[in-house]
Amino acid sequence: MLSLRAVASLAAGIALIGALALPAPIGLSFGSGTAHAENKAKAKVESPKGKQNPKGLPARTPFTAEDQAAAAITGIPEARVWGDSTADFKRVLPSVRGPWLAMSGGGADGAFAAGVLSGWSQSGNRPEFAVVTGASIGALISPYAFLGRGHDAELKDSLTKIAAPDVFEDRPTPESFFDSWPLKKLLEKRVTPQLLAEVAAEHRRGRRLLTITTNVDAGRRVIWNMGAIADAGGEKALKLFRDVMLASSSIPGFFPPVMIDVEANGHRFQEMHLDGTITSPFFVAPESLLADGANTPLPATELYIIANSRLTPDFDVPERSTVSILGRLIGVALKVGIRAELLLVASNAQRLGVDIKVARFSDEFQQPSRGFFDQPYMQALFEYGFQRGSQGAAFEAVSTASVDPRGKPSP
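Computed from a predicted model, the values in this text were never measured in an experiment. (Residues numbered from 1 in each chain as written. Predicted model: local features only at pLDDT ≥ 70, side-chain atom pairs only at ≥ 80, totals over all residues. Heavy atoms only, no water.)

Brief notes about the packing of aromatic side chains
Then, in step 1: Tallied over the full model, the rule gives 19 aromatic pairs.
Then, in step 2: Seen in terms of ring centroids, Trp-120 and Phe-395 are 4.9 Å apart; in terms of plane orientation they differ by 45°. Their pairing is tilted. With a gap of 275 residues between them, Trp-120 in helix α5 (residues 110–123) and Phe-395 in strand β10 (residues 395–397) connect regions that are remote in the sequence. Phe-395 carries the same exposure label as Trp-120, and that label is buried.
Then, in step 3: On the basis of an interplanar angle of 55° and a centroid distance of 6.4 Å, the ring pair of Phe-178 and Phe-255 is categorised as tilted. Placement of Phe-178 in the loop between α8 (164–167) and α9 (181–190) and of Phe-255 in the loop between α12 (234–248) and β6 (258–264) is noted, with a sequence separation of 77 residues between them. For the pair Phe-178 and Phe-255, one class covers both residues: buried. (Phe/Tyr/Trp six-rings, centres within 6.5 Å; stacked < 30°, edge-to-face > 60°. Helix = DSSP H or I, 4+ residues; strand = E, 2+ residues; numbered from the N terminus. Buried < 20%, exposed > 50% of the residue type's maximum accessible area, 1.4 Å probe, protein only.)

Structure below.
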């Protein structure tokens with residue numbers, strides 16, 4: 001059964017290798033299955049005053065595998081755990097029972113999750129989640145999902161009032177095709193001390209907000225306990241909270257990695273972190289918790305998963321160019337990864353001891369995406385998700401039989 005997780009990882013790997021091979025930028029809105037070439041001028045914005053394109057980067061401080069295994073965030077020992085370890089996972093479990101929410105990556109398609117959650121609030125039936133997990137775009141909106149309906153206006157704005165210049169500058173860095181300083185600035189504006197105080201208060205109640213990144217040096221998934229970080233308070237915690245969100249959404253090759261300060265065995269160094277979807281299209285539990293013979297059920301009453309993607313295959317004829325062909329295959333590969341992860345989780349529902357419900361947008365949503373973070377597309381997708389959420393029609397129960405290779409429910 002664990003081979004399904006390998007399929008998901010392989011699919012993500014194919015996508016990311018394709019991205020790294022591109023000679024020119026391609027669209028980041030993968031949910032439609034088509035990556036769009038974009039007029040570079042649309043994404044261009046002015047750099048901060050005095051900002052220069054660096055000619056090189058300082059050498060990294062050497063460290064060993066033993067150092068990495070012992071590394072911790074100075075002053076916040078509970079900030080993170082390995083995401084492939086059951087023992088570590090148990091350290092971040094909530095002390096309260098309730099429903100869990102897991103949100104996938106998907107770029108601009110995160111507008112679907114924002115719409116579903118806002119519509120769910122409108123219905124009056126949206127629960128308070130004991131755990132919220134997010135990777136990539138799921139990580140960026142997870143604090144609003146965690147804090148509840150009082151933050152729905154911010155949730156909507158975060159996915160319907162941004163455009164490409166709010167996310168990246170179309171200028172290469174030594175580590176990427178684009179510079180993500182605009183997204184960093186946006187996070188500095190939206191992740192405030194007040195938001196951290198609210199997350200910390202909920203953490204003290206026993207709830208958990210978890211963000212996924214990929215530790216490039218270790219080649220492993222990391223679970224960040226965002227409530228524990230928030231509870232530490234101060235400027236250091238605020239910076240780390242923002243850095244983790246930025247790292248989780250930093251696509252290799254497209255955006256620079258995020259370097260995070262750690263300490264081990266008496267010396268300090270920096271780890272390299274990137275997109276959480278490399279190791280988790282969405283995150284529910286470590287592989288070891290799903291292995292045959294595992295007997296640790298999730299302390300959840302229900303599990304809700306929002307897949308920020310249309311999972312059914314779509315017909316699209318790419319041009320005979322490297323950008324068009326690889327862009328098309330990236331969309332296909334990411335869909336395969338999410339479907340494989342869904343099948344893995346659904347196949348182990350009984351072992352997890354929880355009912356699973358999944359929201360995903362179907363073929364009835366036909367709004368085309370015309371470029372990087374296309375606002376009309378994101379607004380239409382938000383409204384579609386909102387309608388589904390407010391009508392109580394967003395989620396469907398999922399079993400092994402209900403996720404076939406085409407992403408369609410089985411009869």
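So, the nonpolar core
Then, in step 1: Core analysis: the largest hydrophobic core is formed by 75 residues, its most contacted members being Leu-101, Met-103, Leu-117, Trp-224, Leu-240, Phe-241 and Ile-306.
Then, in step 2: Element by element, the count of residues in this core is highest for α12, at eight residues.
Then, in step 3: Discounting residues that sit within four places of it in the chain, Leu-117 has contacts with Leu-101, Met-103, Arg-126, Phe-129, Ala-145, Asp-152, Leu-155 and Ile-306. (Core = buried A, V, L, I, M, F, W, Y, C linked by side-chain atoms within 4.5 Å. Contact = heavy atoms within 4.5 Å.)

Quick look at the side chain of Asp-374
Then, in step 1: Its place among the elements puts Asp-374 in the loop between β9 (355–360) and α16 (375–390).
Then, in step 2: Take Asp-374: its relative accessible area is 10%, and that puts it in the buried class.
Then, in step 3: Setting aside anything within four residues of it in sequence, one finds Asp-374 in contact with Pro-368 and Ser-369.

What about the packing of helix α6 (residues 137–147) against helix α7 (residues 152–160)?
Then, in step 1: As a packed pair, α6 and α7 sit with axes 8 Å apart at the nearest point and diverge in direction by 160°. The angle between α6 and α7 places the two elements in the roughly antiparallel class. When the axes of α6 and α7 are compared, the crossing they make is right-handed. Across the interface between the two elements, Ile-137, Ile-141 and Tyr-144 of α6 pack against Glu-154, Leu-155, Ser-158 and Leu-159 of α7. (Axes fitted to C-alpha atoms, helices over the stretch in contact; angles between N-to-C directions. Parallel < 35°, antiparallel > 145°, perpendicular 65-115°, else oblique. Left-handed = near helix turned anticlockwise from the far one by under 90°.)

Observations concerning unusual backbone geometry
When glycine is set aside, most residues are seen to have a negative phi, and most peptide bonds are trans.
Then, in step 1: At Ser-136, a position not held by glycine, the phi torsion is positive, near 60°.
Then, in step 2: With respect to the helices and strands, Ser-136 occurs in the loop between β3 (131–135) and α6.
Then, in step 3: Of note in the backbone geometry, Asn-265 takes a positive phi value of approximately 50° without being a glycine.
Then, in step 4: Along the chain, the position of Asn-265 falls in the loop between β6 and β7 (267–274).

Let's talk about the side chain of Thr-211
Then, in step 1: Its location among the elements puts Thr-211 in strand β4 (residues 208–215).
Then, in step 2: Sequence-distant contacts of Thr-211, defined by excluding residues within four places in its chain, comprise Gly-134, Ala-139, Ser-142, Val-222, Ile-223, Trp-224, Met-226, Val-244 and Ser-248.

Considering the pattern of salt bridges
Then, in step 1: Following the criterion strictly, the structure yields 20 salt bridges and no others.
Then, in step 2: Between Asp-243 and Lys-239 there is a salt bridge, with its nearest N and O atoms 2.6 Å apart. Placement of the pair is Asp-243 and Lys-239 together in helix α12, with a separation of four residues, close to one helical turn.
Then, in step 3: A salt bridge links Glu-364 to Arg-388, with the nearest nitrogen and oxygen atoms 3.7 Å apart. Taken as a pair, Glu-364 in the loop between β9 and α16 and Arg-388 in helix α16 lie far apart in primary sequence, 24 residues in all.
Then, in step 4: Via salt bridges that share partners, Glu-128, Glu-202, Arg-205 and Arg-207 belong to a single interconnected network. (Salt bridge = Lys/Arg side-chain N within 4 Å of Asp/Glu carboxyl O.)

Section: the pairing of strand β8 (residues 300–307)
Taken residue by residue, a regular strand's side chains alternate between the two faces of the sheet.
Then, in step 1: In terms of burial, β8 is largely enclosed, as six of its eight residues are buried.
Then, in step 2: Two elements, strand β2 (residues 98–103) and β8, share five bridges in a ladder whose sense is parallel. Each bridged residue has a counterpart across the sheet, and for Trp-100 the counterpart in β8 is Leu-303.
Then, in step 3: In this sheet, β9 lies alongside β8 in parallel orientation, the contact comprising six bridges. Pairing of Leu-303 across the sheet is with Ile-356, part of β9. (Pairing = 2+ DSSP bridges.)

Observations concerning the environment of Glu-78
Then, in step 1: Relative to the helices and strands, Glu-78 resides in the loop between α3 (65–70) and β1 (80–82).
Then, in step 2: Here the alpha-carbon distance between Glu-78 and Val-92, two residues 14 residues apart in the chain, equals 8.4 Å.
Then, in step 3: Those residues in contact with Glu-78, other than ones at most four positions away along the chain, are Arg-91, Asn-225 and Ala-228.

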